[in-house]
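Now for the letters of each chain:
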Amino acid sequence: MVLSEGGSLSSSQRIVALGGERRAPKQLSEGCRWVGGEDAEIDETLASECAEGTEGGKVTDLNFHYKFLRKIQGLAEFTASLRSLDLSSNNLRVMENLGAMPKLRELKLDACQISRIEGLEKCPSLVNLHLEDNEIVCVEGLEKLFSLETLNLERNKIRRLGRGCVKLTKLKELRLAYNELSTLDGLQGLGALEVLDVSQNKLDAVSAEHLKGLGKLDELLLSGNRLSNLSFLSAPGRLSSLDISENGLKSPAFKGFPSLPLLSEFMLAGNYLEELPPNIVTCCPTLEILDISRNLISTPLEVEKLKSLSSLKELCIQGNPMTESDDFPKALCSLEGLEYLENRQFVPPKEIMLEDGEQGATFGLTKVEAKSSPSRPGTAGGESFSRPGTASRPGTASKEGVQQPLMHALPKTRKCASSEQVTAWEQQTLCSLKAIMKQVEKTTSQVDHDLQEMHRYVKKARDANLRYEYQVGCMEAESIPEEEELLRKYQEPPPPGRASQKLRQVTISYRVEEEEEEEVPPPPKIVEVKSLQSPSKAAVRAAQADEVEEVPVDTAAEVESIADPELPEIEEEEEVVQVLQARGLQGRPPAGKPGTELRVQRRAARRANSAKGRSVGPRGPYPRLPSPGAVGYPGSR
């Protein structure tokens, strides 16, 4: 890194050396306050990243803190629903493009580079406005903010208030510390103001006229100014906290100090007081916190004046000459109600034991006799008194839980609400209850509607379930006969073969055609076969041959004895073939290819000659019956 002339780093080199970005020098040259980051603009992506609250799918809170923004833009999409907007710590110089934000309640533009208040006319619901740490010179542009309650303008360059706050009738807190105010003109009419902070300004005097009409003022901070008197406190008020530290006040300035019956916190540090205000006990009977540090009080008797102030709980007194006096511990012992001293829990001096070698005369009132223990030796110096135990040593004493000092805690509230406040609270409570009731009714109606829909869907589901059960029952009822039929089927003898089935089909077709042609006289050659109404015995035996198997020769005579005696023998099988062929032509055509004989007929003719010498018997445990294919035939005429 190249050093600039004189051996020191330039401003840009210093930024880079400290870990800054390369773009920082350019941003500094352009007058940016915040440097090192990449300049950004408000768009949909950045808004989605910075959204902190939504309601009903709409963004209500946006936080663009420290995003290196240079302009306010891209908020038109959120203006209708936005309630909180944080644009603090950016390089913004103009309050622009805020648009109509009817629901906006909080706006933060602190730590920017704004020099003028503007663009807030369309934000009527604004309650909290933060513009601290900017470059504002004059208070203006607040005329339309009728709901504003908190206004923070600390660390600006304001020299006068003017009439910028006149119409802020609901303003409760006004922060104007670290400005350049030389007068408090412009506070008239702020009847609701409770907190006024004008610390670290250039105020030389404050008159009662400046605070006229501030009947609800509770906290007044005037530290770090150049006040010379307290005449503005002539009229009794409701002050509970008064800070006039670092003003160079002297004791004569407290002549005619008014009565402040509700004052609980009084800060007088960093002045030139040689004694306490003479009537502080009678004028501030409820005082709890008193800070008189860094003054010129030299006698401890001034502290003893406070012993009649029973409400005093915390005292800051360091930096005064009297703390070096030998009578100072005695003066502290007179404050029986004191709990905290210099922001620490106060331990009365009479309970403090001396360390070895300390002079007893230095703190005569704090010295107590220690009980000697026979088992514990004395000190090396041969002192007559015994060595104190560890429990009584200041450095080794047991540490009890110390509460926070009262100065850093919230002071006790001793306010009494006025009738106007009570009425306003009552109205607010009633309005809130009405709103809650409306929301409850709306929610109830919605729940009732949802329950009705739920009952309707439950009824539909119940009906569908009943239909399903009915269908299942029907299927089960229908399946029972099928199962019984299947069981009966397995219990019956095995089905006939293919030859028997085809023979049965042929005979069935023959019978159907015969019934249809009963009136037609049959041909003379067919009369003899028609009277039989059954195929020849050779055809039946041929059909039975498909389902039987050969048996040994020695049982052939027994099997032949069971043969059916009722079927007449037909010598010539050719006549059966001719009859079947004739009937096939009149009824259903025979199976097989055209021009060929039935397979059953051919098989019967072929096996008729070989039937002799062959034996047939039943298959399985059943008795010998006619072929199943012939079941249903009437037999002989």
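All of these numbers come straight from a predicted model, not from anything done at the bench.

(A) Molecular detail of the overall build of the protein chain. Helices and strands together make up the secondary structure of the protein chain, namely 13 helices and 15 strands. Taken across its 637 residues, the protein chain has 35% of its residues classed as buried. Here the analysis covers contacts within the protein chain between residues at least 6 apart in sequence; of these, 43% occur between residues at least 24 apart. Surface accessibility of the protein chain: about 39300 Å² in total, with carbon and sulfur atoms responsible for 52%.

(B) Structural view of the pairing of strand 2 (residues 58–63). The pairing of strand 1 (residues 51–55) with strand 2 spans four bridges and is antiparallel. Along strand 2, the bridge assignment pairs Thr54 with Val59. Connecting the antiparallel pair strand 1 and strand 2 is a turn made up of two residues, with Gly56 showing a positive phi of about 65°. Inspection of the sheet shows strand 2 paired to strand 3 (residues 84–86) by three bridges, in the parallel sense. Bridge pairing in strand 3 places Asn63 opposite Asp86.

(C) Geometry of the side chain of Gln421. Its location among the elements puts Gln421 in helix 7 (residues 419–491). Setting aside chain neighbours within four positions, we find Gln421 in contact with Glu194 and Lys216.

(D) Representation of the nonpolar core within the structure. Membership of the largest hydrophobic core comes to 95 residues, with the highest contact counts inside it found for Phe64, Leu85, Leu129, Leu151, Phe254, Phe266 and Leu290. Looking at this core, the elements that each hand over two or more residues are helix 3 (44–50), strand 2, helix 4 (280–283) and helix 6 (328–333). Residues within four places of Phe64 in sequence aside, it is in contact with Ile42, Leu46, Ala47, Cys50, Leu69, Leu75, Leu85, Asp86, Leu87, Ser88 and Asn90.

(E) Representation of a nonpolar patch on the surface within the structure. Taken together, the side chains of Leu430, Leu433, Ile436, Met437 and Val440 make up a nonpolar region of the molecular surface, amounting to roughly 450 Å² of accessible area. Checked against the element boundaries, Leu430 lands in helix 7.

(F) Highlighting the packing of aromatic side chains. In total, this model carries four aromatic pairs according to the counting rule given. Ring geometry for Trp34 versus Tyr66: centroids 5.6 Å apart, planes at 85°, classification edge-to-face. Within this pair, whereas Trp34 is found in the loop between helix 2 (24–29) and helix 3, its partner Tyr66 is found in the loop between strand 2 and strand 3, the two being separated by 32 residues in sequence. The class for Trp34 is partly exposed, based on a relative accessible area of 24%. Owing to a relative accessible area of 38%, Tyr66 belongs among the partly exposed residues under this scheme. Ring centres of Phe254 and Phe257 lie 6.0 Å apart, and the angle between their planes is 45°; on these two criteria the pair is classed as tilted. We note that Phe254, like Phe257, is buried. The rings of Trp34, Tyr66 and Phe68 are connected pair by pair, giving a single aromatic cluster. Directly above the ring of Tyr178 sits Arg155, whose terminal nitrogen or CZ lies 4.2 Å from the centroid.

(G) The arrangement of the environment of Leu220 in detail. Residue position: Leu220 is located in strand 9 (residues 219–221). A residue is classified by how much of its surface remains accessible, and Leu220, at 1% relative accessible area, is buried. With near-sequence residues (within four places) excluded, Leu220 lies in contact with Leu196, Leu211, Phe232, Leu239, Ser241, Leu242 and Asp243.

(H) Representation of the environment of Asp243 within the structure. You can see Asp243 is positioned in strand 10 (residues 241–243). Taking the relative accessible area as the measure of exposure, Asp243 reaches 16% and is therefore buried. For Asp243 and Gly224, which are 19 residues apart along the polypeptide, the C-alpha to C-alpha distance reads 9.5 Å. Discounting chain neighbours no more than four positions away, the residues touching Asp243 are Leu220, Leu221, Leu222, Ser223 and Met267.

(I) View of the pattern of salt bridges. The full count for this structure, using the stated rule, is 13 salt bridges. The closest approach of N and O atoms between Arg33 and Asp133, which form a salt bridge, is 2.7 Å. Of this pair, Arg33 sits in the loop between helix 2 and helix 3 while Asp133 is found in the loop between strand 5 (128–130) and strand 6 (150–152), placing the two residues 100 residues apart along the sequence. Exposure remark for Arg33: the relative accessible area of 33% places this residue in the partly exposed category. Here Arg175 and Asp197 are joined by a salt bridge, their closest N and O atoms 3.5 Å apart. With Arg175 in strand 7 (residues 173–175) and Asp197 in strand 8 (residues 195–197), the pair connects residues that are 22 residues apart, well separated along the chain. As far as burial versus exposure is concerned, Arg175 and Asp197 are alike and both buried. Overlapping salt bridges, with partners in common, bring together Glu30, Asp39 and Arg70 in one network.

The rules behind these values
Residues numbered from 1 in each chain as written. Predicted model: local features only at pLDDT ≥ 70, side-chain atom pairs only at ≥ 80, totals over all residues. Heavy atoms only, no water. Helix = DSSP H or I, 4+ residues; strand = E, 2+ residues; numbered from the N terminus. Buried < 20%, exposed > 50% of the residue type's maximum accessible area, 1.4 Å probe, protein only. Contact = heavy atoms within 4.5 Å. Areas by Shrake-Rupley, 256 points an atom, 1.4 Å probe, with all protein chains shown as cover. Pairing = 2+ DSSP bridges. Core = buried A, V, L, I, M, F, W, Y, C linked by side-chain atoms within 4.5 Å. Patch = residues over 30% accessible without salt bridge, like charges linked within 9 Å, V, L, I, M, F, W, Y side chains within 5 Å. Salt bridge = Lys/Arg side-chain N within 4 Å of Asp/Glu carboxyl O. Phe/Tyr/Trp six-rings, centres within 6.5 Å; stacked < 30°, edge-to-face > 60°. Lys NZ or Arg CZ within 6 Å of the ring centre and 35° of its normal.

Such coordinate-based values are descriptive only and should not be taken to indicate function.
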